Amino acid sequence: MIESLLEELENEVGNCINCGFCETVCPTLDPSGFSLWKGARGRVIMGRTLLEDTKNGIPIPALSDSFYSCLDCHACLYVCPAGVNAGKVSQLSREIITTSSDRKNENPYARMIVEVTAKYGNPLGVKKQSAAWSEGLEFDKNAEYLLYTGNMFQLMPYTKNLNSARKSMGKALSNFMASRVAKHPSLIKMLSRMRDREMEQKNFGTLRNIVKLLRISGIRFSYLGEEEPYPGTFIYDLGYIEKFAKYANYVYSVLKGSGAGKIITVDPHTYDLLKNTFPRFVANFNLEIFYYLDLIKIPTIEKGPEKVVYHEPCHFVLRDPKYSKPFQVLSTTADTVLARRNGNRSRCCGGPDELTFPELSEKASQIRYDELKSTGADIIVTACPICNVNLSKENTTMEIADYLASRVRS
Ligand code: SF4
Ligand code: SF4
């Protein structure tokens, strides 16, 4: 296992000509105070060091934060003249660190998330509460589609409060707490009482609006309710590849067991993971994966008077720069613009670092927020629950389902 990871890493870092173009677009460099190790080129240099040291039996270097702080946005790939993807270097390096027996450089929060997910099927142990948004709604048990929320909208109110608690505790105490929870996952139940209830109601409303838009479009679907597991995004992103392989097969068996062959996802992280990553880990993967906006056909929509700026999520636009469905749909309802950095030059909101590097994440989101505001738009529209939380600095940020639902005329 480690040999194939080292080989892949060698293929990636071996082409770097050290030009530094990737640093100009890396969204973690500026927020880290221009620390070389928290920029794209530094990650490639560190990847090379990790490769050589691991091959020579030297313990893993202590700069693993370099890899853990990478947002996996892939912006660096589009400017590199040698075709190097520093995001892939970071992912492979995290996989090498977690596969190695030398675990002292593991991020304690990463470990906590992995252990809690393995025990509860949810990174914060809130699987039951994650179904509360659907109270009173009826679903079609035998429909060909299954609505799979992946718990992402539901987790955001917890991560927001968890981060506030971490700030007041300080790094040493919060890391100690995370290590204790990693050893005894049931302790998460204490933390998971701390949720932002106002955000919870807002996000529950977003999920209900997604249901409304799908139903207006004539789509029938089932829903797993309290049985719905988290997809395992964090486990994969944090490099726990063996655990992810096992977990992905568990999630697949639950989805398959629903009897539906078509899965409707509601956020770009879950969509990308199920569509592009699961088939590499699940033998004979046989499910069709959709993003809900690709299914909606709204008969009557009223154009609004305001100017809207659409923030493109990395897991759509930096995976497939041609994908523009959310922008197209928005453009039919409002005067819609993009930020100066858009398409394959788009800038990440910093969201994936929210739990592991909260200060860096906050600074990255402020930079993106200022870019979006500088367009002069009245409303920022997001198409991802993580972007939505990170860019909700005033009451002028809306998730796309909420914006569209407010414009539908029956
Ligand atoms: S842009 Fe590519 S070649 Fe240049 S430093 Fe970055 S990874 Fe290396
Ligand atoms: S994937 Fe994004 S955060 Fe990571 S090195 Fe590349 S540009 Fe920087």
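Residues numbered from 1 in each chain as written. Chains lettered and ligands numbered in written order. Predicted model: local features only at pLDDT ≥ 70, side-chain atom pairs only at ≥ 80, totals over all residues. Heavy atoms only, no water.

**What about the sheet that holds strand β3 (residues 262-265)?**
Two strands in a sheet stick together by hydrogen bonds in their backbones, pointing the same way (parallel) or opposite ways (antiparallel). Test applied: Two strands form a pair only when DSSP identifies at least two bridges running between them. Helical segments are the DSSP runs of H or I of at least four residues, strand segments are the runs of E of at least two, and each set is numbered from the N terminus. Only the stretch in contact is used when a helix axis is fitted, and all axes are lines through C-alpha atoms; the angle between N-to-C directions ranges over 0 to 180 degrees. Whether two residues are in contact is decided by their heavy atoms: any pair within 4.5 Å suffices.
Taken together, four strands build an open sheet; the order of strands is β2-β1-β3-β4 and the sheet is parallel. This sheet does not close on itself; its edge strands, each paired only once, are β2 (221-223) and β4 (288-291). Shown here is a sheet whose adjacent strand axes are inclined to one another by a mean of 35 degrees, direction ignored. Note that β3 and β4 share four bridges and pair parallel. Considered in β4, the bridge of Thr-265 is made with Tyr-291. Contacts from helix α9 (residues 197-216) reach β1 (145-148), β2 and β3, with the element oriented near 160 degrees to β2.

**Observations concerning the site of ligand 1**
Short version of the rule: We call a residue near a molecule or strand when any one of its heavy atoms sits within 4 Å of it. Here a cavity denotes grid points, spaced 1 Å and computed from the protein atoms alone, that fit a 1.4 Å probe unable to get out, and a pocket denotes an open set having protein on both sides within 12 Å along at least 5 of 7 lines; residues with an atom within 4 Å of a point are the lining. Cavity and pocket membership follows a simple rule, namely that a molecule belongs there if more than half of its atoms are within 2 Å of the grid points. Gly falls in the polar group here, along with every residue not listed as nonpolar (Ala, Val, Leu, Ile, Met, Phe, Trp, Tyr, Cys, Pro) or charged (Asp, Glu, Lys, Arg).
Close to ligand 1 lie Cys-16, Ile-17, Asn-18, Cys-19, Gly-20, Phe-21, Cys-22, Arg-41, Val-44, Cys-80, Pro-81 and Val-84. Of the pockets mapped on this structure, ligand 1 occupies the second largest cavity. A class-by-class count of the residues in the shell around ligand 1 yields nine nonpolar, two polar and one charged.

**As for the site of ligand 2**
In the vicinity of ligand 2, the residues found are Cys-26, Pro-27, Ala-40, Arg-43, Cys-70, Leu-71, Asp-72, Cys-73, His-74, Cys-76, Ala-86 and Gly-87. Where the shell around ligand 2 is concerned, the elements lending two or more residues are α2 (40-55) and α4 (86-99). A breakdown of the residues in the shell around ligand 2 according to their chemical character gives eight nonpolar, two polar and two charged.

**A word on the domain arrangement of the protein**
Going by this rule: Domain start and stop positions are those given by an automatic or database domain assignment. As used here, buried area is the combined drop in accessible area, with a 1.4 Å probe, of two parts when they are placed together. For salt bridges, the criterion is a side-chain nitrogen of Lys or Arg within 4 Å of an Asp or Glu carboxyl oxygen. By the criterion applied in these results, polar contacts are pairs of N or O atoms within 3.5 Å in which, for protein atoms, one can donate a hydrogen and the other can accept it, and in which residues neighboring in sequence qualify only through two side-chain atoms.
Structurally, the protein comprises domain 1 (2-99), domain 2 (108-294) and domain 3 (307-407). Each of domain 1 and domain 3 has a C-alpha centre, and the two are 26 Å apart. At the interface, 19 residues of domain 1 touch 19 residues of domain 3. On the domain 1 side of the contact with domain 3, Pro-31, Leu-71 and Tyr-78 bury the most area, a combined 41% of that side's loss. Across the domain 1-domain 3 interface, the total number found is one salt bridge. Across the pair Asp-72 and Arg-319 runs a salt bridge whose closest N-O atoms are separated by 3.5 Å. At the boundary of domain 1 with domain 3, the tally comes to five residue pairs in polar contact (both at pLDDT 80 or more). Per-class residue counts for the side of domain 1 that touches domain 3 are 10 nonpolar, five polar and four charged.

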